[in-house]
Structures are given as structure tokens and as C-alpha cells.
Amino acid sequence: MFDMKINYHSRIWDIPFSGTPPPAYVYDGDRGEDQRMQPDVASYTDDSLSSPRLHPKGRSIRETSGSLESTKSSELDVEKGLEMRKWVLSGILASEEAYLSHLEALLLPMKPLKAAATTSQPMLTLQQIETIFFKVPELHEIHKDFYDGLLPRVQQWSHHQCVGDLFQKLASQLGVYRAFVDNYKVAVETAEKCCQANSQFAEISENLKVKSAKEGKDQNAKNSLETLLYKPVDRVTRSTLVLHDLLKHTPSSHPDHPLLQDALRISQNFLSSINEEITPRRQSMTVKKGENRQLLRDQFMVEVVEGARKLRHVFLFTDLLLCAKLKKQTGGKGQQYDCKWYIPLADVTFQTIDESESSPVPQIPEEEIDCLKVRISQIKNEIQREKRVCKGGKVLDRLRKKLCEQESLLLLMSPCMAFRVSNRNGKGYTFLISSDYEREEWREIIREQQKKCFKSFSLTSLELQMLTNSCVKLQTVHSVPLTINKEDDESTGLYGFLNVIVHSATGLKQSLNLYCTLEVDSFGYFVNKAKTRVYRDTTEPNWNEEFEIELEGSQTLRLLCYSKVKQCRDDGENMDRIMAKGQIQLDPQSLQGKDWQRTVISMNGIEVKLSMRFTSREFSLKRMPSRKQSGVFGVKIGAVTKREHSKVPLIVRQCVEEIERRGMEEVGIYRVSGVATDIQALKAAFDANNKDVSVMMSEMDVNAIAGTLKLYFRELPEPLFTDELYANFTEGIALSDSVAKESCMLNLLLSLPEPNLLTFLFLLDHLKRVAENESFNKMSFHNLATVFGPTLLRPSEKDSKIPANPTQPISMSDSWSLEVMSQVQVLLYFLQLETIPTPDSKRQSMLFSTEV
């Protein structure tokens, strides 16, 4: 399929056709960007080609036609397909009717302007009129002929009716659009100059009336000349969309099929020749002195305003940075932006540490964020259940609206990394983003563009309003990154474990102290997952470090290469210098399997070599008993303590002791991945009862020791909380009465076998001491429960309720599903209890026995 760079726009039109159309499909009509029918930010919709065009009742084209594709061999479905073809064509008719009304609105002032040009007081010269309205009459004639030819054929419809010749003829006349597009920029500039020179023409240009296509209404909508001149540009870029939809519902045996394919081929070839010319024009606007202001980047971001988080749409132009808010739509008005502030790029500065210390980033408790994730998982599960029962309806619409609201809240609450900019007067603005990668991208592009911007300036209120209004047309990001905006058949990401080996880097021009970090996306934002050691004084670092990263619906892996400069600030912001950054998409097809996939990330002349291997949740969640019962990994905890004559396994005690000796202030301890090769080396040493294991640990990164401890509990053949009591723990934590909950949870805890209980109490005391250092290590009770909860409670495969199929919908395979969240809550409950009144005999035996 032809890959277009253009953003397509759509509108739902009434179908002027006899009979009752099926409620599943209404064809896209023509409309300008200023008329886009989008709700408020919480329910943004995507206008790109990949988006479904929604029927008012909520069902999409793809949703409706999916079943047709899967069973098209049956005669009944072929009949339905031909019926759908009729409704596609009726939608095209409605679109053509609307487009013709726009062209007619353009032609309406042209005739009197031409007549006045020959008088003693002309409004415009004939040359100016010819430039502004160049090829508009010809375009009107072409589409009027097409419409007049198509209308009777659709009105006298049969399944054998042919229309392919009309589309083939229309495609053959696309050369007229070439002339229009080539003249478009000059036409707009000429019209602007004429408006500035003649107030009467300016008044006419802003109030061109377009007849409404709504049935039974004789309304005239006002459009500007610039908006109407853009209609043909927008129309031609969507010519293939029309043909793709029609071909989709035209059987290959139908006489129209080869004609439509030929029309599509002509359209694709034409668009490929003009695409590069049109795209910059869609992203630019003319400013004074003939300069061209182009949109470089736009993105939804969270701004901190008086301590509150606000969702903004930020536009970076070639000469200024503009922050806008989407207005709520009322009374059927089109999409509009409200400018909150702007800074000329020549005046943009990035705040220093001292300047920004007085404006701390407002933090959202992680418990609130995770409650949102639980609600999102619940709603997604409900949506999946509803889809299995009924493919549409008000209930599904209501659930989707609720999901959109919750995901919008999560989008607002989750970012926590500050990106601060200020103007020349020192007025500062703070955005919150999710990763260092994203922040550096913004800094890079602004700094690069500042090299071309030498002067400051200010916009008049009219100029600012015009610029803000143009953002509707210029925007490239049409929707906030919510899963509600994704197609059902879009990838929901990978769930499981990604092993990554960071091999080496080349291309550095000076010796530096270098390290890399790895980020992956989860729930729409990026999280730092791993960090290599610092390789000192070299231009060719060879880390060769392996990391195991848990993926939660992840689609992208980002890598950042830092030069070690100074320690992090108290607020956790990394002040080391980013030397390079890059990212790769995680493709489940190429990653699945036992073989390592080698890849290279190229960035700013620096190349970093990686190897990756993915293990899906289907396999990574299995608890597999070890065949080697003489070791400790994969062996029941009771068997290990009996063999060692101890109350708590030696591996647990030694790992805890080493972490408490030098890892209590390590940022992200237990959360940041350790080097996988070090972890495997420690695992082998413990399994072999190596006497030098203490020496090995003292020489390893503390994150590897933490990873070894987590791996030990994860590979137990039965969870520490046992399979037998698992369901009781998850039911007990759900009790609403606090007294009943405490009694139930403590009784269940004391019902654990003694080795399990004493090991848990030993670990619990350690985790509480880790949390006491939260100001340094950033590991709260909740963070620790998130890491250890599933590890300690997840039942064996035979008892697990987590689906084994990795292709299940996101709401079913999401690690923040209700079951996993319940496991987190169980551990969190015990962490938050001040004391656990265990029987004296058990507590004393654990605390004072020389065997522990």
C-alpha cells in the first residue's frame, strides 16, 4: 500500500440516499481542519489514515468489515459486501457535494471581482485575481462532471452497476491539481497582501459563505479565503483513501475492479510526486516580510501551573515556542486552541540548577498512580467481556468513555521529570515528561534552531490569534497517547522479559567516563530499567553487560549514553552529560525464540552494539522445580533449610547482609536490573555451595546481588506464601473491615510453614530498613511491594489465574491486572504493619538462633 506522509482528515456526513443505510458505515466527507469535530482533550480522536472512521453509534469501518474479510467466501457475505459498496459510493457522493459547495464559495466572489477590475476603482487587478483563484474554475468543472455522472448510477443501483470508468477519468485529470498545488503558496501570499492593502477585500475574504450539506437546512457557514483555498490541497492528498475504501468492497471479479486499481495506481504515482512539496506547506504559515514560519514539532505535555498539572499542546515553530490549551467545544463549533504563552526562540533559556531549586516538581503518590492502573485494567477487562457478548451498544461506549477519562488522568499524573524553560525576563515554565531521552530531544532541537534565530520580537494580539488558529491546521499530533485511541488490531506491546546485552560503543572522539541506561515504555510513558557500569577513560567502552528487563505492554527500547560528570541532584535529576541517544522498536516476530538478535543503534556518529532476546509471559512466569536438588535455586525452601540446618536459607542471609552493608542508599535498589551475567555467576556459585561466594559478592555491583535475591524467590518451585494459602491471602486483602482484615491476614501468615514464615519475616525486616532510606534510594514501601509482591506470591502454573496466552488483549495480559495488583497489596499490607505479633517461640528462634 502506498505510504503517504500526509495526515488525512475526516468528517461524518449524512448520506443523501433513498432507503435506510446500515448503521455500521458512513463515508468520510470533505472538511477543513478548522472544522474538525473533536471533543475535549480527554476524548481526543486521531485524524490520521490509520484511524477508524466512526459511525455516530461508535462502531468503526474496520470493526464492521473485519468479519466480512474473514468469511468472504460465503455468498451471503459477498452480497453484504456489494451492499456495502453502495453505501461507500453514497458517502462519496455526499463528500463530493460538500467539496463542490466549497469550490462554489470560492468562485462566488471571483466574478464580481473580475467585473470590478475593469472599472476605475478596482478592488484587485486581473493578475491578482488570476493568481488567487488559479485553476479553481477547472477543478469545479472536473468535479461537477464527476458528480453528475456518479449520481444517477447510484440512484439506479444494482450490484452489477459500474462506476470504475468515472474514477479512472477523475484520476487522469489530477494534472490540474499539480498546477493548483504549484501555485498554492503564491496564491495565499497574494491574498494576504491584498487583504492588508484593501480592507473591503479583507472583509470579503473572512466571510465567504458555504452552503450547508445538511438535509433540510438552508444554512450558510462562514469560511475564510485561506481555508477554502486549502480545500483542494487537502482533497487531492486523500484521493487514494477514497479508492482504497471502494476497492475494499469491490469483488475482484467485478468489472470495476481493474478500473479502480488503475485509478489507484495513477493517484499513488501522482501523490508520490507532490507529497514532499505538500507536507511542508501543511506545516508552515506565511509571516511578515515573506518569511516562512514552519512547525518543527508538536506534542502533548503536562505543564505545572501553580502546583497543578495541566495538559497542554506544545508547538515548536522555527522562530518561537507556543503553549496552547484545547478549548472545550460548544454549540457545534470546530476545534479551537487557546494560547497560554509563547516565547521567541531567541529568548528561550533552560533554567540552571540554582534557578529551579525554588520550584520543586509536585509528586503524585505512587499508590494513586497504581490505583489508576488498577481501574484501567478493570475497565479494559469489562470492555473485552462486553465485546465478546455484543460488538457495540451504549454499554461499550460508556466503558470506552470511562477508560479515556482514567487514561487521561494517568497521563497527567505519571510524568515526574522536570523540563524547565524561561524567557528573557526570567519568567519560567515547567513541563513534566517521563524520560531523559524526551527532555534531551526538546533541548537539542531548540538549541539547533536558536543558531538561526538572532532577534527577539513580539506578536500583536491579532498575529497571536492567527498563529494560534493555524495550529489546528498545522498540528501533526492529533491525539494524546492513550490506548483508547488505538485500533483493536494494533499491537498492545510485549509482556514478559527482555534480555539485553550492551556490548560496546564506537565513534567517540575523546576519552570519557561512559555508561548507558535503558528505558522501555509502559502505560504510555517511559521508565528507566537498567544502567551499565561506568567505563572509564576510553573512546571504545566494552561493557558486555546483560540485563533482564520486565516488559509491561512495551513497544520501544531507548538507549542513552552518558558521560559521567557529577552526582545526581537531591530530586533525582541526572546532571551527567548525554553523549548520544537512540531507540528501536520491539518486534515480537524477530525477538521471539531462543536465539539472540544482534542490532546496532546509531546516534550522532556513535554506534552502540546490542543483543536482545525476548521471553513471553507464557514461559517467564512458570515456576520450574530444579532437577538438581543439591542446589538452592528451584528447590523447596524447607528442603534447603533442612539441609543447611538453618532457619533462613544462607543465600537470603548473605544477599541481605551485603546489600545492607553497601546498597541501602543505592538509587533504585531492587528496581534497577543487575548485570545478568553476574547474577547467573552468583546463582551457579550458590548452587555449587562455593565457599568463595562472599568474595564474589563483594566485587560485584550491588544491583546484581539484589537481582540474585529476587531470582531466588522467583524460581522457588512453590511461592513463599504457598499455593495452598494463595487464594486465602488474595481474599483476605479484599476485606473491607480493617479489624477483620488484620485478624485474617495475620492468622494466614502464621499458618505458613515455619521455614517460609521465618524467611518472610527476615526479608520483611530488611525491606523495612531499605524503605527507611527512601530519601536516598527512592524505594518506598509501595515500590518494594511492587517489586517483591508477585515474586513472593505468584502461584505455580497450575494454580495461576494469569492467562498463559501472550496474545491475549492488553487488559488480560497486563502485569497490572487485578491478580498481580492483589499480590502487591498483600505484601504492602505487611510492610505497613508496625509490628507482627508472631508467637514468641518463632520470633526468638529466628532472631537469636546462631543458625540464622
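As shown above, the structure is provided for reference.
Here's what I pulled together on the structure shown here.

Focus: empty space enclosed by the protein
- Here the structure, examined in full by the defined rule, presents two cavities of 30 Å³ or more.
- Empty space within the largest cavity amounts to approximately 220 Å³.
- For the largest cavity, the lining is made up of 16 residues, of which Glu96, His143, Leu170, Ser239 and Val242 are closest to its centre.
- Going through the elements one at a time, helix 2 (75-117), helix 4 (136-155), helix 5 (164-172), helix 8 (225-237) and helix 9 (239-248) are the ones with two or more residues in the lining of the largest cavity.

Observations concerning the nonpolar core
- In terms of nonpolar packing, the biggest core is built from 68 residues, with Tyr670, Phe713, Phe721, Phe729, Phe760, Leu792 and Phe830 touching the most fellow members.
- With nine residues, the single largest contributor to this core is helix 25 (residues 754-772).
- Counting residues in hydrophobic clusters, the runner-up holds 33 residues, among them Val136, Val210, Leu228 and Tyr230.

A closer look at the packing of aromatic side chains
- Counted according to the given criterion, the structure contains 19 aromatic pairs.
- Where Trp341 meets Tyr429, the ring centres are 3.9 Å apart and the plane angle is 15 degrees; that geometry is what we call stacked. With Trp341 in strand 7 (residues 337-344) and Tyr429 in strand 10 (residues 428-433), this pair connects stretches of sequence that are 88 residues apart.
- According to the relative accessible area criterion, Trp341 is buried, its value standing at 8%.
- Through pairs of rings, three or more aromatic residues link up here, namely Trp341, Phe350, Phe419, Tyr429 and Phe431.

Some details on a negative patch on the surface
- Judged by side-chain charge, Glu130, Glu138, Glu141 and Asp145 come together as a negatively charged surface patch.
- By residue number, the principal contributor to the negative patch is helix 4, which donates three residues.
- Looking at the element boundaries, Asp145 is found in helix 4.

Here we look at helix 24 (residues 738-750)
- Taking 1.5 Å of rise per residue, 13 residues should cover 18 Å, and helix 24 covers 18 Å from first to last C-alpha, within 8% of that figure.
- When we look at burial in helix 24, the residues that qualify are Lys741, Met745, Leu746, Leu748 and Leu749. One face of helix 24 carries all of its buried residues, which in axial projection span an arc of 160 degrees.

Some points on helix 25
- Helix length check: helix 25, at 19 residues, gives a terminal C-alpha distance of 27 Å against a target of 27 Å (1.5 Å per residue), a fit within 8%.
- Where burial is concerned, most of helix 25 is hidden: 14 out of the 19 residues are buried.

A short note on the sheet that holds strand 19 (residues 606-616)
- Strands sit in the order 15-11-19-18 across an open sheet of four strands; the sheet is antiparallel. Each edge of the open sheet carries a strand with a single partner, namely strand 15 (542-554) and strand 18 (597-603). Geometrically, the sheet is characterised by an average inter-axis angle of 30 degrees between neighbouring strands, direction not taken into account.
- One ladder, built from ten bridges, connects strand 11 (residues 494-506) with strand 19; its direction is antiparallel. Counted as the bridge partner of Phe497 is Thr615 from strand 19.

Side note on unusual backbone geometry
- The phi dihedral of Glu306 is positive, around 50 degrees, even though this residue is not glycine.
- Here Glu306 shows up in the loop between strand 4 (292-305) and strand 5 (308-317).
- Relative accessible area serves as the criterion here: at 84%, Glu306 is assigned to the exposed category.
- The backbone phi angle of Lys778 is positive, close to 60 degrees, even though this residue is not glycine.

Topic: the pattern of salt bridges
- Going through the model one piece at a time under the given rule, you end up with 22 salt bridges.
- We note a salt bridge from Asp165 to Arg153, for which the minimum N-O separation is 2.8 Å. Within this pair, whereas Asp165 is found in helix 5, its partner Arg153 is found in helix 4, the two being separated by twelve residues in sequence.
- Residue classification places Asp165 among the partly exposed residues on the basis of a relative accessible area of 34%.
- A residue is classified by how much of its surface remains accessible, and Arg153, at 23% relative accessible area, is partly exposed.
- Here Asp347 and Arg424 are joined by a salt bridge, their closest N and O atoms 3.7 Å apart. Within this pair, whereas Asp347 is found in the loop between strand 7 and strand 8 (349-350), its partner Arg424 is found in the loop between strand 9 (417-422) and strand 10, the two being separated by 77 residues in sequence.
- The buried category is assigned to Asp347, whose relative accessible area is 11%.
- Here Arg424 falls in the exposed class, since its relative accessible area comes to 61%.

Structural notes on the side chain of Glu96
- When you line up the elements, Glu96 lands in helix 2.
- Within polar-contact distance, the side chain of Glu96 engages the side chain of Arg235 at 2.5 Å.
- Beyond its immediate stretch of four places on either side in the chain, Glu96 contacts His143, Phe146, Tyr147 and Arg235.

Quick notes on the rules
- Residues numbered from 1 in each chain as written.
- Predicted model: local features only at pLDDT ≥ 70, side-chain atom pairs only at ≥ 80, totals over all residues.
- Heavy atoms only, no water.
- 1 Å grid on protein atoms, 1.4 Å probe; cavity = no way out; pocket = protein on both sides within 12 Å on 5 of 7 lines; lining within 4 Å.
- Points joined across faces, edges and corners; volume = space filled by probe spheres on them.
- Helix = DSSP H or I, 4+ residues; strand = E, 2+ residues; numbered from the N terminus.
- Core = buried A, V, L, I, M, F, W, Y, C linked by side-chain atoms within 4.5 Å.
- Buried < 20%, exposed > 50% of the residue type's maximum accessible area, 1.4 Å probe, protein only.
- Phe/Tyr/Trp six-rings, centres within 6.5 Å; stacked < 30°, edge-to-face > 60°.
- Patch = residues over 30% accessible without salt bridge, like charges linked within 9 Å, V, L, I, M, F, W, Y side chains within 5 Å.
- Areas by Shrake-Rupley, 256 points an atom, 1.4 Å probe, with all protein chains shown as cover.
- Salt bridge = Lys/Arg side-chain N within 4 Å of Asp/Glu carboxyl O.
- Lys, Arg positive; Asp, Glu negative; His and termini not counted.
- Charge placed at Lys NZ, Arg CZ, Asp CG, Glu CD.
- Expected span 1.5 Å × (residues − 1).
- Arc of directions from axis to C-beta.
- Pairing = 2+ DSSP bridges.
- Axes fitted to C-alpha atoms, helices over the stretch in contact; angles between N-to-C directions.
- Polar contact = N/O pair within 3.5 Å; in protein donor to acceptor, adjacent residues only side chain to side chain.
- Contact = heavy atoms within 4.5 Å.

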